[in-house]
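One-letter residues, chain by chain:
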Amino acid sequence: RLPAVTITHADAYKIRTRQPVYSPRTKEIVLDIINMDGPTAELEYHNLKQMVNGKWLGFPFIDNLVFAIGGRDLSKGDTLPEHIRMSEFKYPLKPNKYQVHFYVFSNIYTYCNLTDMGIQPVKGTEMQGAFSFRVLESDNDSIRIQFENHTNLSVQPLFFPSVGTDELYMVHPLARSGSRDESDYMRNCARLEAGEAILFSIPVSWNVSRITDPNYKKRFNSGKLSPDKYKIGLQLEIYMNTEFEVK
């Protein structure tokens, strides 16, 4: 964890219902998803909460509900609709206050050069703006990757950063694996709230004898990254909410 950073892009993404108040007979609520000035993101899922005794509690879906996600990309400046159908939920709307929760998914990348002399970021590939994502110049012992959340939104890195090339997705056994354990660890330890930042440090060498997977052991038997240009990636979930009332 790093010291707090300045919030410069408070509402990089926004959601809003098209009406502030709905009738209990409402069959569908349309939610607008807006990319104000964030990186391109893919629309994901919605859910509802209701106010019960002064607390927000889940408004349950019907059993065995399956969402069909169509890979809708939300580019900077775009607005896309999300249709919330009341038939998805176990109970009808009643007069009350409700909260809509929604998140988008984004893959971000930057590059670095690893040489015998050190590690340097590739100029022009550092991300700035709502999120800052860059490799720090350093000695050639570890790749140091800094991610900063300059929004007022909660952001969840899903896995460790990936280390690859333009040709190969994965060239490092200690970087992103996509495993459930890795995801659980990141959800427990690496969620960033507004104005928070984090530094990842990935060593350029590893102990081959400690790799138990035979395929990994064969693939990564060199024990060290060779000098090259590397593509560093991070997968993010970005969370939003808004409220409406039923009267």
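My aim in this report is to walk through the structure given alongside it, one point at a time. (Residues numbered from 1 in each chain as written. Predicted model: local features only at pLDDT ≥ 70, side-chain atom pairs only at ≥ 80, totals over all residues. Heavy atoms only, no water.)

This paragraph deals with the packing of aromatic side chains. What the rule picks out here adds up to 12 aromatic pairs. The interplanar angle of 80° and the centroid separation of 6.1 Å between the aromatic rings of Phe160 and Tyr185 together place this pair among those described as edge-to-face. Taken together, the positions of Phe160 in the loop between strand S12 (154–157) and strand S13 (162–164) and Tyr185 in helix H1 (residues 180–189) put the pair 25 residues apart, joining distant regions of the chain. With a relative accessible area of 47%, Tyr185 lands in the partly exposed category. Measuring from centroid to centroid gives 5.4 Å for Tyr216 and Phe220, while their planes differ by 80°, and the two rings are edge-to-face. Judged by its relative accessible area of 25%, Tyr216 is partly exposed. In this structure Phe220 comes out as buried when scored by relative accessible area, which is 3%. Following the ring pairs from residue to residue traces out a cluster consisting of Tyr22, Phe59, Phe61, Phe89, Tyr98 and Phe244. The ring of Tyr111 has Lys229 sitting right over it, with the charged end atom 4.8 Å from the ring centre. One Lys or Arg, Lys231, reaches over the ring of Tyr109 and ends 4.3 Å from the middle of that ring. (Phe/Tyr/Trp six-rings, centres within 6.5 Å; stacked < 30°, edge-to-face > 60°. Helix = DSSP H or I, 4+ residues; strand = E, 2+ residues; numbered from the N terminus. Buried < 20%, exposed > 50% of the residue type's maximum accessible area, 1.4 Å probe, protein only. Lys NZ or Arg CZ within 6 Å of the ring centre and 35° of its normal.)

Ordered in space as S10-S11-S14, the 3 strands form an open sheet in which the pairing is antiparallel. Strand pairing shows two members of the sheet lacking a second neighbour, strand S10 (131–135) and strand S14 (197–203), which therefore form its edges. Recorded for the sheet is a direction-independent mean angle of 10° between the axes of neighbouring strands. (Pairing = 2+ DSSP bridges. Axes fitted to C-alpha atoms, helices over the stretch in contact; angles between N-to-C directions.)

Moving on: the nonpolar core. Across soluble globular proteins, nonpolar side chains show a tendency to be buried alongside one another. If you look at the biggest cluster of nonpolar residues, it comprises 57 residues, and the most contacted ones within it are Tyr13, Ile143 and Phe147. Put simply, the parts of the chain that give this core at least two residues each are strand S1 (13–17), strand S3 (28–35), strand S4 (41–52), strand S8 (96–114), S10, strand S11 (142–149), S14 and strand S15 (228–246). Excluding residues within four positions of it along the chain, Tyr13 makes contact with Ile34, Asn35, Met36, Gly38, Pro39, Ala41, Leu74, Val104, Phe131, Leu153, Ile238 and Met240. (Core = buried A, V, L, I, M, F, W, Y, C linked by side-chain atoms within 4.5 Å. Contact = heavy atoms within 4.5 Å.)

For the rest of this paragraph, the subject is the environment of Trp56. Here Trp56 lies in strand S5 (residues 55–59). Overall, Trp56 belongs to the partly exposed group, its relative accessible area being 25%. Residue contacts for Trp56: discarding those within four places in its chain leaves Lys49, Gln50, Met51, Lys97, Tyr98, Gln99 and Glu243.

The strand order across the open sheet formed by 3 strands is S1-S3-S7, and the pairing between neighbours is antiparallel. The open sheet has two edge strands, S1 and strand S7 (79–85), and neither has a second partner. Pairs of neighbouring strands in the sheet enclose a mean axial angle of 25°, with direction left out of account.

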